[in-house]
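If you want the building blocks of each chain, they are given just below.
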Amino acid sequence: MHRSSVIILIADFALALMMMHTARRRRTSERLVFGWLIVCAVIAALAIWREAIDVLAAALDVHYPPSALFLIAFAGLIAIVFKLSTELAEDRRRLRRLAQELALLSATAPGPQKDRDE
Amino acid sequence: MPGSMGDVRMMKPSSDQVVVFILAFNEEASIGALVCETRAKLPDATIVVVDDGSVDATAARASAAGAWVLRHPFNLGVAASEATGLKYAKRGGHRIAVRLDGDGQHDPAFVSELVAQLSHADLVVGARSQDAKGYRATGLRLIGARYLAFVTRLLSGSRITDVTSGFRAFGPAAIAYFSEHVPNDYPEPESIVMAARAGLRVTEVPVLMRRRETGASSLTFLRSMYYMAKVSFALVLETLRAPTRT
């Protein structure tokens, strides 16, 4: 096995461990971590079976195999960012509704009131 | 909580009463006087201040001046603040709601003129009168306002000349619609397009705008251009959405 493959596998394993650790501490959701573990598995597979990159490049008609890898990685990142953007927008909508409900439920009548910081 | 209403759904419906809701964000310098002025000019109206996450004494000053106060726990923006005011009106059973901005630009004396137009419209916009002696937009701001009015008319057919004005009166249908359908980023022009697409009748009446009593505009030439581009995009996007009916 090439030295670079070993380095990638070690880094990949560390990434997977870090993801598991964040999930265990509830700093991210299992659903997201599962997706990242699949990414780690794909990276490990490509590190072990390096010819797969050549096969992928040929299938995509890309003459320089590493470019095919960058293309796939870039497309994956775009997909993840898009997904997070839509989730962020949905969360903003939910947060706005919650804040509005809170404002309505804690409406205060006219009269002397304390300042917020007091 | 002293003075807490607990749940606005418990309010006794008072459909004849106009709700005037004032949007305020860090307006402690002007909000008290504005509430007092509104109370003096509209003694029968329910006055509500929507405090959009102010960190100063806006809520306390508004309450002390005689207004109900709805406080967002953090800043949500103008569109959400307007929707909060309309939700209050809807749940309280009010059939007419009027929006004023907390910076003092909108003169409560014109509220009755806006409300009078609700007999044949669902949404009435108080438009800056270019013929009157009050504050008038000039230069870049005027060009921008006319451009946005043109784009809005093109996309919705509404003949509103001042689509950026936040001085508005809402009838029952507009209260029901805009308390649930919140424009995304540029509430004033977007809501005109939304209203037209929802089948609401929109009209305007000329009003005198005052200079804002506190704060200053942050619009520069580049920001104005960027703002126009963003609003235009948002308006086009609005027409691409599936129409939502009242």
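As shown above, the structure is provided for reference.
Attention here is on the structure that accompanies the text.

Parameters at a glance
Residues numbered from 1 in each chain as written. Chains lettered and ligands numbered in written order. Predicted model: local features only at pLDDT ≥ 70, side-chain atom pairs only at ≥ 80, totals over all residues. Heavy atoms only, no water. Pairing = 2+ DSSP bridges. Helix = DSSP H or I, 4+ residues; strand = E, 2+ residues; numbered from the N terminus. Axes fitted to C-alpha atoms, helices over the stretch in contact; angles between N-to-C directions. Contact = heavy atoms within 4.5 Å. 1 Å grid on protein atoms, 1.4 Å probe; cavity = no way out; pocket = protein on both sides within 12 Å on 5 of 7 lines; lining within 4 Å. Points joined across faces, edges and corners; volume = space filled by probe spheres on them. Nonpolar A, V, L, I, M, F, W, Y, C, P; charged D, E, K, R; others polar. Buried < 20%, exposed > 50% of the residue type's maximum accessible area, 1.4 Å probe, protein only. Parallel < 35°, antiparallel > 145°, perpendicular 65-115°, else oblique. Expected span 1.5 Å × (residues − 1). Right-handed = clockwise from strand over helix to strand, strands pointing away. Patch = residues over 30% accessible without salt bridge, like charges linked within 9 Å, V, L, I, M, F, W, Y side chains within 5 Å. Areas by Shrake-Rupley, 256 points an atom, 1.4 Å probe, with all protein chains shown as cover. Salt bridge = Lys/Arg side-chain N within 4 Å of Asp/Glu carboxyl O. Lys, Arg positive; Asp, Glu negative; His and termini not counted. Phe/Tyr/Trp six-rings, centres within 6.5 Å; stacked < 30°, edge-to-face > 60°.

Focus on the sheet that holds strand E2 (residues 46-51) of chain B
In a beta sheet, neighbouring strands pair by backbone hydrogen bonds and run either parallel or antiparallel. Residue and element names in this part refer to chain B. Here 7 strands make up an open sheet; going across it, the order is E3-E2-E1-E4-E6-E5-E7 and the pairing mixed. Strand pairing shows two members of the sheet lacking a second neighbour, strand E3 (68-71) and strand E7 (202-207), which therefore form its edges. Put simply, the sheet's adjacent strands are angled 20 degrees from each other on average, direction ignored. Across the sheet, helix H1 (residues 31-41) touches strand E1 (18-24), E2 and strand E4 (96-101), and the angle it forms with E1 is around 165 degrees. Contacts from helix H7 (residues 187-197) reach E4, strand E5 (123-128), strand E6 (168-170) and E7 within the one sheet, and its direction differs from that of E6 by about 35 degrees.

Here's the deal with the layout of surface pockets
All names here are of chain A. Its boundaries defined by the atoms lining it, the second largest pocket holds a volume of some 680 Å³. Lining the second largest pocket are 21 residues, with Val39, Ile43, Leu46, Leu69 and Ala73 positioned closest to its centre. Mapped onto the lining of the second largest pocket, the elements with two or more residues apiece are helix H1 (3-24), helix H2 (30-48), helix H3 (51-60) and helix H4 (65-105). Top contributing element to the lining of the second largest pocket by residue count: H4, with 8 residues. Split by residue class, the lining of the second largest pocket holds 17 nonpolar, 3 polar and 1 charged.

Some thoughts on the side chain of glutamine 100 of chain A
Position of glutamine 100 of chain A relative to the elements: it lies in helix H4. For glutamine 100 of chain A, a relative accessible area of 1% gives the class buried. Beyond its immediate chain neighbours, meaning those up to four positions away, glutamine 100 of chain A contacts His72, Leu76, Ala80, Ala83, Thr84 and Lys87 of chain B.

Considering the packing of H1 of chain A against H2 of chain A
Residues and elements named next belong to chain A. Taken N-terminus to C-terminus, the directions of H1 and H2 make an angle of 170 degrees; their axes are 9 Å apart at the nearest point. One element, H1, and the other, H2, form an angle in the roughly antiparallel class. Contacts from Ser5, Ile8, Leu9, Asp12, Leu15, Ala16, Met19, Met20, Thr22 and Ala23 in H1 reach Val33, Trp36, Leu37, Cys40, Ile43, Ala44, Ala47 and Ile48 in H2.

Quick notes on H4 of chain A
Under the 1.5 Å per step criterion, the end-to-end length of H4 of chain A is 60 Å for 41 residues, consistent within 8% with the ideal 60 Å. Packed against the buried residues of H4 of chain A are H3 of chain A together with E3 and helix H3 (78-91) of chain B.

Focus: the pairing of E3 of chain B
Residue and element names in this part refer to chain B. Two strands pair when backbone bridges link them, and E2 and E3 are joined in this way by 4 bridges, in the parallel orientation. Looking across to E3, one finds that valine 48 is bridged to tryptophan 68. Crossover handedness for the path E2 to helix H2 (residues 58-64) to E3: right-handed.

Considerations on a nonpolar patch on the surface
Residue and element names in this part refer to chain A. Residues Ile8, Leu32, Trp36, Val39, Ile43, Leu77, Ile80 and Leu84 make up a contiguous nonpolar surface patch of roughly 600 Å² in combined accessible area. Contributions of two or more residues to the nonpolar patch are made by H2 and H4. The biggest single contributor to the nonpolar patch is H2, with 4 residues. Here isoleucine 80 is to be found in helix H4.

Regarding the pattern of salt bridges
Scanning the entire structure with this criterion turns up 18 salt bridges over all chains. For the salt bridge of arginine 97 of chain A with glutamate 180 of chain B, the shortest nitrogen-to-oxygen distance reads 3.6 Å. You can see arginine 97 of chain A sitting in helix H4 and its partner glutamate 180 of chain B sitting in the loop between helix H6 (172-178) and H7, one on each of two chains. Residue classification places arginine 97 of chain A among the partly exposed positions, given a relative accessible area of 39%. Residue classification places glutamate 180 of chain B among the partly exposed residues on the basis of a relative accessible area of 33%. The closest approach of N and O atoms between lysine 90 of chain B and glutamate 180 of chain B, which form a salt bridge, is 3.6 Å. Here lysine 90 of chain B is found in helix H3, whereas its partner glutamate 180 of chain B is found in the loop between H6 and H7, with 90 residues between them in sequence. Take lysine 90 of chain B: its relative accessible area is 41%, and that puts it in the partly exposed class.

Describing the side chain of arginine 96 of chain A
By secondary structure assignment, the location of arginine 96 of chain A is in helix H4. One buried charge, arginine 96 of chain A, has no salt-bridge partner; the nearest side chain with opposite charge is glutamate 180 of chain B, at 8.1 Å. With residues up to four places along the chain from it excluded, the contact list for arginine 96 of chain A reads Leu76, Ala80 and Val182 of chain B.

Notes on the packing of aromatic side chains
Residues and elements named next belong to chain B. Evaluated as defined, the whole model comprises 3 aromatic pairs over all chains. The interplanar angle of 35 degrees and the centroid separation of 6.3 Å between the aromatic rings of phenylalanine 21 and phenylalanine 170 together place this pair among those described as tilted. Linking phenylalanine 21 in strand E1 with phenylalanine 170 in strand E6, this pair joins segments that are 149 residues apart in sequence. Assigned by exposure class, phenylalanine 21 and phenylalanine 170 land together as buried. Each ring, one from phenylalanine 170 and one from phenylalanine 178, has its centre 6.3 Å from the other, and the planes form 75 degrees; the classification is edge-to-face. For the pair shown, phenylalanine 170 and phenylalanine 178 are each scored as buried. Pairwise contacts between aromatic rings join Phe21, Phe170, Tyr177 and Phe178 into one cluster.

Regarding H1 of chain B
All of the buried residues in H1 of chain B are Ile31, Gly32, Leu34, Val35, Glu37 and Thr38 of chain B. If you follow the buried residues of H1 of chain B, they end up packed against E1, E2, H2 and E4 of chain B.

Function-wise, these values are silent; they only describe arrangement.
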